Amino acid sequence: ITPVAVAVVGVVTFTAHLTGQAAPTVSSSLPSTAQSKQATTSAAEQSYELALKAMVAGKLDAAQQGFSEALKADPKLAKAMLGLAEVAFKQGNLPLAAQWIDRAVLANPRSSEAQASLGRLLVLQGKTRDAEVVFKKAMELDARALRPAVDMADLLYTRGDLAGA
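Residues numbered from 1 in each chain as written. Predicted model: local features only at pLDDT ≥ 70, side-chain atom pairs only at ≥ 80, totals over all residues. Heavy atoms only, no water.

Participant: Help me understand the overall build of the protein chain in this model?
Facilitator: What the protein chain contains, in helices and strands, is eight helices and zero strands. The burial tally for the protein chain puts 40% of its 165 residues in the buried class. Restricting the contact set of the protein chain to residue pairs at least 6 apart, pairs at least 24 apart contribute 51%. Accessible area of the protein chain: about 9,000 Å², with a carbon and sulfur share of 56%. (Helix = DSSP H or I, 4+ residues; strand = E, 2+ residues; numbered from the N terminus. Buried < 20%, exposed > 50% of the residue type's maximum accessible area, 1.4 Å probe, protein only. Contact = heavy atoms within 4.5 Å. Areas by Shrake-Rupley, 256 points an atom, 1.4 Å probe, with all protein chains shown as cover.)

Pasting the structure below:
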């Protein structure tokens, strides 16, 4: 993988979320437990969106705070864990980034984004055969996801497998 293209999570993933759907709103017709869960989700999504904007603006401390707040509101929000992984990576703390990626994969093993982030981490660790398996899994989970396909092509190209790339 070319050094310019390597990032553990990648801001490309984050900017796609910036144009996504608005956070869900709470409806007064929902039962109180459902309202509470939806309010928590909404708070998590709002914190996550603010963190993304901070990340894109290069404000790592604000991004870290926002992703942490999102996790406080929803402790299983894998995309917030991936955000914290990206912050750690940008701060030069690859071991902490790896911990956040592992947590994201455990929280949501069916997340193509989490699997793709794990694949990029494995490439950085020199575990390219394992990365290839993980990229394939990410592509199977979401056939329309561009990032794992690009990462797989980069990996195959770097190996000299031009036909596979």
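Participant: Just to check I follow, could you spell out helix α7 (residues 128-141) for this structure?
Facilitator: Since there are 3.6 residues in each turn of an α-helix, residues three or four apart along the chain are aligned in direction. With 14 residues, α7 ought to run about 20 Å at 1.5 Å a step, and its terminal C-alpha atoms sit 20 Å apart, in line with that. Listed in full, the buried residues belonging to α7 are Ala131, Glu132, Val134, Phe135 and Ala138. The inward-facing, buried residues of α7 contact α6 (112-124) and α8 (146-159). (Expected span 1.5 Å × (residues − 1).)

Participant: Explain the nonpolar core here, please?
Facilitator: Nonpolar side chains in soluble globular proteins generally cluster together in the buried interior. In terms of nonpolar packing, the biggest core is built from 38 residues, with Tyr48, Phe67, Leu71, Leu77, Ile101 and Leu118 touching the most fellow members. Elements with a contribution of two residues or more to this core: α2 (32-56), α3 (60-73), α4 (78-90), α5 (94-107), α6, α7 and α8. Examining the composition of this core, we find that eight residues originate from one element, α4, more than from any other. (Core = buried A, V, L, I, M, F, W, Y, C linked by side-chain atoms within 4.5 Å.)

Participant: Even after reading the chapter, I still don't get the packing of α3 against α4, so can you show me in this structure?
Facilitator: Viewed as axis vectors pointing N to C, α3 and α4 meet at an angle of 155°, and their least axial separation amounts to 9 Å. It follows that α3 is roughly antiparallel to α4 by the angle criterion. Crossing hand, α3 versus α4: left-handed. Across the interface between the two elements, Leu60, Ala63, Gln64, Phe67, Ser68, Ala70 and Leu71 of α3 pack against Ala80, Met81, Gly83, Leu84, Val87 and Lys90 of α4. Of the residues belonging to the contact of α3 with α4, the class tally is nine nonpolar, three polar and one charged. (Axes fitted to C-alpha atoms, helices over the stretch in contact; angles between N-to-C directions. Parallel < 35°, antiparallel > 145°, perpendicular 65-115°, else oblique. Left-handed = near helix turned anticlockwise from the far one by under 90°. Nonpolar A, V, L, I, M, F, W, Y, C, P; charged D, E, K, R; others polar.)

Participant: Please clarify how the pattern of salt bridges should be interpreted in this entry.
Facilitator: When the charged atoms of two side chains with opposite charge come close together, those side chains can pair. Under the counting rule described, the total for this entry stands at seven salt bridges. The closest approach of N and O atoms between Arg159 and Glu132, which form a salt bridge, is 2.5 Å. With Arg159 in helix α8 and Glu132 in helix α7, this residue pair connects regions lying 27 residues apart in the sequence. Across the salt bridge formed by Arg147 and Asp151, the nearest N and O atoms sit 2.8 Å from each other. Placement of both Arg147 and Asp151 in helix α8 is noted, with a separation of four residues, approximately one turn of the helix. Overlapping salt bridges, with partners in common, bring together Arg129, Glu132, Lys136 and Arg159 in one network. (Salt bridge = Lys/Arg side-chain N within 4 Å of Asp/Glu carboxyl O.)

Participant: When you look at the packing of α5 against α6 in this model, what are you seeing that I'm missing?
Facilitator: Each pair of packed helices can be described by the angle between their axes along with the distance between the axes. Put simply, α5 and α6 touch, their axes get as near as 9 Å, and they point 145° apart. Here α5 runs over α6; the crossing is left-handed. Residues Leu94, Ala98, Ile101, Asp102, Ala104 and Val105 of α5 touch α6, and the partners they reach there are Ala114, Gln115, Ser117, Leu118, Leu121 and Leu124. Of the residues that constitute the contact of α5 with α6, the class distribution is nine nonpolar, two polar and one charged.

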